[in-house]
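Descriptive analysis of the structure
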Amino acid sequence: MPASKYKNGEQRMIGVIGDEDTCTGFLLAGVGDKNPKKGLGPNFFVVEKMTKQADIEEGFRSLVSRDDIAVILICQHIANDIRYLIDEQTAIASKSALPCILEIPSKQIAYDGSKDPVLSKLRQFLGEK
Amino acid sequence: MKGRLKGAQKGHSLLKKKADALQLKFRSILKKIIDTKQTMGEIMKEASFSLAEAKFATGDFNHAVLQNVNKAQIKVKTRKDNVAGVNLPIFESYQDGADSYELAGLAKGGQQLKKLKVNFGNAINLLVELASLQTSFVTLDEVIKITNRRVNAIEHVIIPKIERTLAYIISELDELEREEFYRLKKVQDKKKKIAKEKAALHAERKARGLDQGDGGPGESIFDEEHDEDLLF
């Protein structure tokens with residue numbers, strides 16, 4: 001499941017999992033790619049209110065297992081839904097380190113620092129030291 | 001054995017240095033990450049705001065954008081940064097190819113759309129930087145744990161073991177030496193004793209020889225004890 005090891009100077013893409021507006025914004029900036037050559041499918045996944053949990057998990061898993069994506073941006077409220085998958089991924093990430101999962105705030109819901117696993121670990125460290 | 005002890009001690013001090021260097025880099029990253037995350041939160045807010053503005057001006061273009069995706073312009077390049085022997089991944093965003101949404105918004109709301117693209121572009125740059133920091137953080141954390149484990153293992157297991165072995169060997173050698181010494185002493189004492197007895201016998205025979213004058217040479221030959229063996 002974890003992505004393969006990266007070599008120096010390789011090209012990677014940025015993946016997005018978010019609600020329609022977030023995805024649109026990033027696509028407009030030029031992140032989106034339908035990969036016509038490789039046939040791997042688009043590197044973004046739109047999550048709407050009625051998207052089933054299973055679909056979200058499927059989308060996340062497929063993006064994570066692709067080895068041409070180095071960073072995955074995911075809206076925080078979606079991340080909360082698949083929190084256990086992300087934790088699993090961070091545990092495995094110690095072997096390959098890629099892709100890096102970044103949680104971003106969405107329009108409706110303000111950024112909650114305590115839910116972000118990386119931030120909470122950070123706070124732990126700073127609190128100790 | 002002593003060589004091994006020296007080697008283990010050197011390895012220990014080197015590893016400790018590595019662990020310290022890593023800790024330093026680690027802590028410098030920590031603060032940076034927190035600051036960057038704060039900035040990111042603000043930038044995202046701004047970006048979504050300009051998105052709302054653009055929507056207001058142009059109408060809903062979500063579907064058009066989602067359909068028109070073709071090739072990615074913004075990609076990241078991975079680079080390996082070596083810190084005290086650890087490879088840390090660093091991402092650099094770069095533009096590859098022309099903007100495929102160049103013609104978007106020509107109808108109406110072009111200004112807002114442009115601003116939106118710029119805002120999200122900035123957001124992406126910041127996010128890429130954040131991603132690099134985060135991966136370095138995670139990797140460093142892992143490596144520091146492993147290095148500390150090794151340092152502790154060497155300090156509490158390997159070095160004491162080698163020292164105990166050394167002490168045992170030295171004590172064994174000492175004991176052998178003592179045994180040798182004791183043996184030597186015993187042999188010396190025995191030799192002294194034998195020499196003394198011989199001298200006493202000799203003196204006695206001499207005294208007897210004087211009393212029994214004629215049988216002197218014959219008797220002395222018969223009475224002569226056989227010579228000691230010559231051992232080469």
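Residues numbered from 1 in each chain as written. Chains lettered and ligands numbered in written order. Predicted model: local features only at pLDDT ≥ 70, side-chain atom pairs only at ≥ 80, totals over all residues. Heavy atoms only, no water.

1. Notes on the overall build of chain A
Each helix and strand counted, chain A has five helices and four strands in total. Element order for chain A, N to C, with α for helix and β for strand: β-α-β-α-β-α-α-β-α. Out of the 129 residues belonging to chain A, those deemed buried represent 54%. Here the analysis covers contacts within chain A between residues at least 6 apart in sequence; of these, 71% occur between residues at least 24 apart. (Helix = DSSP H or I, 4+ residues; strand = E, 2+ residues; numbered from the N terminus. Buried < 20%, exposed > 50% of the residue type's maximum accessible area, 1.4 Å probe, protein only. Contact = heavy atoms within 4.5 Å.)

2. Re the overall build of chain B
Each helix and strand counted, chain B has four helices and two strands in total. Reading chain B from its N terminus to its C terminus gives the helix and strand order α-α-β-β-α-α. Evaluated residue by residue, chain B yields a buried proportion of 31% over its 232 residues. In chain B, 74% of the contacts between residues at least 6 apart in sequence involve partners at least 24 apart. Accessible area for chain B stands at about 15800 Å²; split by element, carbon and sulfur atoms hold 57% of it. (Areas by Shrake-Rupley, 256 points an atom, 1.4 Å probe, with all protein chains shown as cover.)

3. Re the pattern of salt bridges
The full count for this structure, using the stated rule, is six salt bridges over all chains. The shortest N-O distance in the salt bridge between arginine 61 of chain A and glutamate 57 of chain A comes to 3.8 Å. Note that arginine 61 of chain A and glutamate 57 of chain A are positioned in helix H2 (residues 53-65) at a spacing of four residues, about one turn of the helix. As a salt-bridge pair, arginine 183 of chain B and glutamate 179 of chain B come within 3.9 Å of each other at their nearest N and O atoms. Here arginine 183 of chain B and its partner glutamate 179 of chain B are both found in helix H3 (residues 110-211), four residues apart, which amounts to about one turn of the helix. Arginine 183 of chain B gets classed as partly exposed once you look at its relative accessible area, which sits at 46%. Via salt bridges that share partners, Glu179, Glu180 and Arg183 of chain B belong to a single interconnected network. (Salt bridge = Lys/Arg side-chain N within 4 Å of Asp/Glu carboxyl O.)

4. As for the nonpolar core
Judged by nonpolar contacts, the single largest core of 72 residues is most densely connected at Ile14, Phe26, Phe60, Leu73 and Ile74 of chain A together with Phe137 of chain B. For this core, the element with the highest residue contribution is H3 of chain B, accounting for 16 residues. Counting residues in each nonpolar core, the second largest holds eight residues, with Ala8, Ile154, Ile162 and Leu166 of chain B among its members. (Core = buried A, V, L, I, M, F, W, Y, C linked by side-chain atoms within 4.5 Å.)

5. Considerations on the confidence of the model for chain B
In the predicted model, chain B carries a mean pLDDT of 80, and 84% of its residues have values of at least 70. Note on the complex model: pTM 0.69, ipTM 0.78. (pLDDT = per-residue confidence, 0-100.)

6. With respect to empty space enclosed by the protein
Enumeration over the complete set of coordinates arrives at four cavities of 30 Å³ or more. Around the second largest cavity, the lining residues are Asp19, Asp21, Thr22, Pro105, Ser106 and Lys107 of chain A together with Met44, Ser48, Leu51 and Phe120 of chain B. Ranked by the residues each element gives to the lining of the second largest cavity, the list is headed by helix H1 (residues 2-58) of chain B, at three residues. Taken together, the residues of the lining of the second largest cavity sort by class into four nonpolar, three polar and three charged. (1 Å grid on protein atoms, 1.4 Å probe; cavity = no way out; pocket = protein on both sides within 12 Å on 5 of 7 lines; lining within 4 Å. Points joined across faces, edges and corners; volume = space filled by probe spheres on them. Nonpolar A, V, L, I, M, F, W, Y, C, P; charged D, E, K, R; others polar.)

7. Section: helix H1 (residues 20-29) of chain A
The element H1 of chain A is largely enclosed, with a buried count of 10 among its 10 residues. Glycine 30 of chain A occupies a position one or two residues after H1 of chain A and carries a positive phi of about 110 degrees.

8. Here we look at the pairing of strand S3 (residues 69-75) of chain A
All names here are of chain A. Among the seven residues that make up S3, seven are buried, leaving the element largely enclosed by the rest of the structure. Both strand S1 (residues 11-18) and S3 contribute to a ladder of five bridges, which runs parallel. Residue pairing in the sheet places isoleucine 14 in a bridge with valine 71 of S3. In this structure, S3 lies alongside strand S4 (residues 100-104), joined through five bridges in parallel fashion. From the neighbouring strand, leucine 73 faces S4, where its bridge partner is leucine 102. (Pairing = 2+ DSSP bridges.)

9. Quick look at the side chain of threonine 36 of chain B
Residues and elements named next belong to chain B. Within the element layout of this structure, threonine 36 appears in helix H1. A relative accessible area of 8% means that threonine 36 is categorised as buried. Engagement of the side chain of threonine 36 in a polar contact is seen with the backbone oxygen of lysine 32, the distance being 2.5 Å. (Polar contact = N/O pair within 3.5 Å; in protein donor to acceptor, adjacent residues only side chain to side chain.)

10. A word on the interface of chain B and chain A
Taken together, the contacts link 54 residues of chain B with 49 residues of chain A. Our count for the chain B to chain A interface comes out at zero salt bridges. One can count one residue pair in polar contact (both at pLDDT 80 or more) joining chain B with chain A. Of all the secondary structure elements, the ones that give two or more residues to the side of chain B that touches chain A are H1, helix H2 (62-67), strand S1 (74-83), strand S2 (86-95) and H3 of chain B. Residues belonging to the side of chain B that touches chain A are distributed by class as follows: 28 nonpolar, 14 polar and 12 charged. With two bridges joining them, S1 of chain A and S1 of chain B adopt antiparallel strand pairing. Within S1 of chain B, the position partnered with arginine 12 of chain A by the bridge is valine 76 of chain B.

11. A short note on a nonpolar patch on the surface
Where nonpolar side chains cluster on the molecular surface, the patch consists of Met1, Tyr168, Ile169, Leu173 and Leu176 of chain B and spans about 480 Å² of accessible area. Secondary-structure assignment places leucine 173 of chain B in helix H3. (Patch = residues over 30% accessible without salt bridge, like charges linked within 9 Å, V, L, I, M, F, W, Y side chains within 5 Å.)

12. Quick look at H1 of chain B
Owing to its 3.6 residues per turn, the α-helix aligns residues three or four sequence positions apart on the same side. Over its 57 residues, H1 of chain B runs 80 Å from end to end, which matches the ideal 84 Å to within 8%, given 1.5 Å per residue. Of the residues trailing H1 of chain B, glycine 59 of chain B is marked for its positive phi of about 95 degrees. (Expected span 1.5 Å × (residues − 1).)

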